[in-house]
Amino acid sequence: MKINENYRNLNENYLFATIAKKVKEYKAAHPEKEIIRLGIGDVTLPLAKSVVAALKKASGEMGEKETFRGYDDEQGYPFLKEAIRGYYGAKGVSADVSEIFIGDGAKSDLSNILDIFGTDNAVLVPNPVYPVYVDTNVMDGRKISYMNASKENGFLPLPDKNVKADIIYLCSPNNPTGAVYGREGLKLWVDYALKNKAVILFDAAYECFISDKNLPASIFEIEGARECAIEFCSLSKTAGFTGVRCGYTVVPNELISNGIKLNALWRRRQATKFNGVSYIVQRGAEAVFSKEGLAEIRENIKYYMNNAGLIGAALNKKGVYYTGGINSPYIWFECFDKMESWAFFDYLLENFALVGTPGAGFGEAGKNFFRLTAFNSLENTKLAADRLLNIK
Ligand code: MLT
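The shown structure was predicted, so the numbers you read here are calculated from the model rather than taken from an experiment.

Draft legend 1. Representation of the site of the ligand within the structure. Around the ligand, the neighbouring residues are F16, I40, G41, K107, Y130, N175, Y206, K237, Y330 and R371. One of the backbone nitrogen or oxygen atoms of G41 is found 2.6 Å away from an oxygen atom of the ligand. Contact between the ligand and Y130: an oxygen atom at 2.5 Å from a side-chain N or O atom of the residue. Surface burial for the ligand is 84%, taken as the share of its 270 Å² of free accessible area covered by protein chains.

The following block contains the structure:
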């Protein structure tokens, strides 16, 4: 046998695995330290009550002969697709249920979608970037080019007509920078994609954190996007599903390449390689979109955004430049004293027992930046803000 040689081009470890290893080693050496983890964007609040009730009810159904379910449509149950259609409808976006695919999260679908695209496509990603977009394309051997996100462009790069791309990744609110595209910016991207016959893979995993109604929470709010974009979303951050696993992908019927509907290709891919999300989880996900569920998750989101505000306030006091934290659970700031981000990571861990994510882990352009999440408890976030204030 021969291995996929492209794997030689990957970093040895996935970013968050490297951080977890470093923190574990530190904890082993300093068991007395109370470490505060604002690194990986993992939620801490429990599931909403209505979600738990739906999960329990569905588990009960699976234990009764009359209501037991086995294999079903791997693309998702109609009840959940309808609920998601309604959620989009409330944003003024119409999606047909045939365009909605239920999966186990945005990370998986963003990776698996690459099966339907040739390896000769030119890929364009922002820098800094969620490492999954890069690593999955490296695994397939695709050519990747980068567009610089920086202080100068507010970490929201716009299309450059001199750069030719076939597959474009956009994430808004952005991971890691927390920056959010306005309608004008997204329209420029849609126009570029239509002109270049490119596809935009739009990661909307953090859309629920947008509180400014003028900002688009879906690329499909932009005219023309149905002809050039696929949207990925997840309940991980929306409803605390990081350990439950459920997400959805919208592939519009208008998206066509060489006479072939991408929707049909994705359906074909999923039918072959995926057996669907469990019935129990899909019932829990359906409850997220109920009136009670939405009210409950909005409370949780408010809680996290209050945390984001505390971190932002500490950085304001220190006079540090940052993005995010307003319509995003991530706060992306310049490392103190212009430190390199891994050095700053070590400095924060060793001196303040505070864990974040070094910007360099998201690409070269992040090397002097650092990301903190708002997903920890209020108590820990207050402590973390105090620790930031104590940095000399
Ligand atoms: C992150 O911290 O960037 C995310 O939690 C990772 C993910 O969602 O896979």
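Draft legend 2. A look at the state of the cysteines. Taken as a whole and judged by the stated rule, the model has 0 disulfides. Not engaged in a disulfide, the cysteine C208 finds its nearest cysteine sulfur in C233; these two sulfurs lie 7.4 Å apart.

Draft legend 3. Summary view of the sheet that holds strand β4 (residues 143-148). Spatially, the 7 strands line up as an open sheet ordered β2-β8-β7-β6-β5-β3-β4, and their pairing is mixed. The open sheet terminates on both sides in strands that have one partner only, identified here as β2 (100-103) and β4. In this sheet, adjacent strand axes meet at a mean angle of 20° when their direction is disregarded. Inspection of the sheet shows strand β5 (residues 167-171) paired to strand β6 (residues 199-203) by 5 bridges, in the parallel sense. Directly across from I167, in β6, lies its bridge partner V199. Against the sheet, helix α6 (residues 183-196) makes contact with β3 (122-127), β4, β5 and β6, and its axis sits at roughly 165° relative to β5, the strand it touches most.

Draft legend 4. Just the pairing of strand β15 (residues 369-373), in detail. In terms of residue burial, β15 counts as a mostly covered element, since 5 of its 5 residues are buried. Alternating residues of β15 divide into F369, R371 and T373 and F370 and L372, and every residue in both groups is buried. Sheet analysis places strand β12 (residues 330-334) next to β15, joined by 5 bridges and oriented antiparallel. In the sheet register, W332 faces β15, and the bridge partner there is R371. Bridge count between strand β14 (residues 357-358) and β15: 2 bridges; the pairing is antiparallel. Residue pairing across strands places T357 opposite R371, the latter belonging to β15.

Draft legend 5. Summary view of the packing of helix α3 (residues 78-90) against helix α9 (residues 279-288). Between α3 and α9, the least distance of the axes is 9 Å, while the angle of their chain directions is 25°. Of the possible angle classes, the one that applies to α3 and α9 is roughly parallel. In terms of crossing hand, the pair formed by α3 and α9 is left-handed. On the side of α3, the interface is formed by F79, L80 and A83, while α9 contributes Y279, Q282, R283, A285 and E286. When the residues that make up the contact of α3 with α9 are grouped by side-chain class, the tally is 5 nonpolar, 1 polar and 2 charged.

Draft legend 6. Fine view of the packing of aromatic side chains. All told, the structure shown has 30 aromatic pairs when counted by the stated rule. Considering the side-chain rings of F333 and F336, the 6.0 Å spacing of their centres and the 80° angle between planes classify their relative orientation as edge-to-face. An identical accessibility class is assigned to F333 and F336; each is buried. Members of the aromatic cluster, joined through ring pairs, are Y14, F16, F155, Y321, W332, F362 and F369. Directly above the aromatic system of Y321 lies the positively charged group of K151, at a separation of 4.9 Å from the ring centroid. For the cation-ring pair, R283 lies above F79, with the distance from its terminal atom to the ring centre recorded as 3.6 Å.

Draft legend 7. Spotlight on the pairing of strand β8 (residues 247-250). Here β8 shows no split at all, with G247 and T249 on one side and Y248 and V250 on the other all buried. As judged from the 4 bridges shared by β2 and β8, these two strands associate in the antiparallel manner. Residue pairing in the sheet places G103 in a bridge with G247 of β8. Summarising the sheet, strand β7 (residues 229-234) and β8 pair through 4 bridges and their orientation is antiparallel. Residue pairing for β8: C233 is matched across the bridge by Y248.

Draft legend 8. Geometry of the domain arrangement of the chain. The domain architecture assigned to the chain consists of domain 1 (5-47 + 293-389) and domain 2 (49-290). For domain 1 versus domain 2, the separation of C-alpha centres amounts to 24 Å. Contacts between domain 1 and domain 2 engage 36 residues on the former and 49 residues on the latter. If you look at where domain 1 meets domain 2, you find 1 salt bridge. The residue E334 makes a salt bridge to K151 at a minimum N-O spacing of 3.1 Å.

Draft legend 9. Molecular detail of helix α12 (residues 378-389). Here α12 is 12 residues long and its end C-alpha atoms lie 16 Å apart, about the 16 Å a rise of 1.5 Å per residue gives. Residues T381, A384, A385, R387 and L388 constitute the buried set of α12. Seen from one end, α12 has its buried residues packed into an arc of 160°, which puts them on one side. Structurally, α12 contributes buried residues whose contacts are with β1 (36-37), α10 (291-318), β12, α11 (341-352), β13 (354-355) and β15.

Draft legend 10. Fine view of the sheet that holds β12. Spatial strand order, β11-β12-β15-β14: 4 strands in an open sheet with antiparallel pairing. Lying at the two open borders of the sheet, with one neighbouring strand each, are β11 (322-324) and β14. Note that β11 and β12 share 3 bridges and pair antiparallel. The partner of T323 across the bridge, within β12, is W332.

Rules behind the numbers
Residues numbered from 1 in each chain as written. Predicted model: local features only at pLDDT ≥ 70, side-chain atom pairs only at ≥ 80, totals over all residues. Heavy atoms only, no water. Near = heavy atom within 4 Å. Polar contact = N/O pair within 3.5 Å; in protein donor to acceptor, adjacent residues only side chain to side chain. Areas by Shrake-Rupley, 256 points an atom, 1.4 Å probe, with all protein chains shown as cover. Disulfide = S-S within 2.5 Å. Pairing = 2+ DSSP bridges. Helix = DSSP H or I, 4+ residues; strand = E, 2+ residues; numbered from the N terminus. Axes fitted to C-alpha atoms, helices over the stretch in contact; angles between N-to-C directions. Contact = heavy atoms within 4.5 Å. Buried < 20%, exposed > 50% of the residue type's maximum accessible area, 1.4 Å probe, protein only. Parallel < 35°, antiparallel > 145°, perpendicular 65-115°, else oblique. Left-handed = near helix turned anticlockwise from the far one by under 90°. Nonpolar A, V, L, I, M, F, W, Y, C, P; charged D, E, K, R; others polar. Phe/Tyr/Trp six-rings, centres within 6.5 Å; stacked < 30°, edge-to-face > 60°. Lys NZ or Arg CZ within 6 Å of the ring centre and 35° of its normal. Domains from an automatic or database assignment. Salt bridge = Lys/Arg side-chain N within 4 Å of Asp/Glu carboxyl O. Expected span 1.5 Å × (residues − 1). Arc of directions from axis to C-beta.

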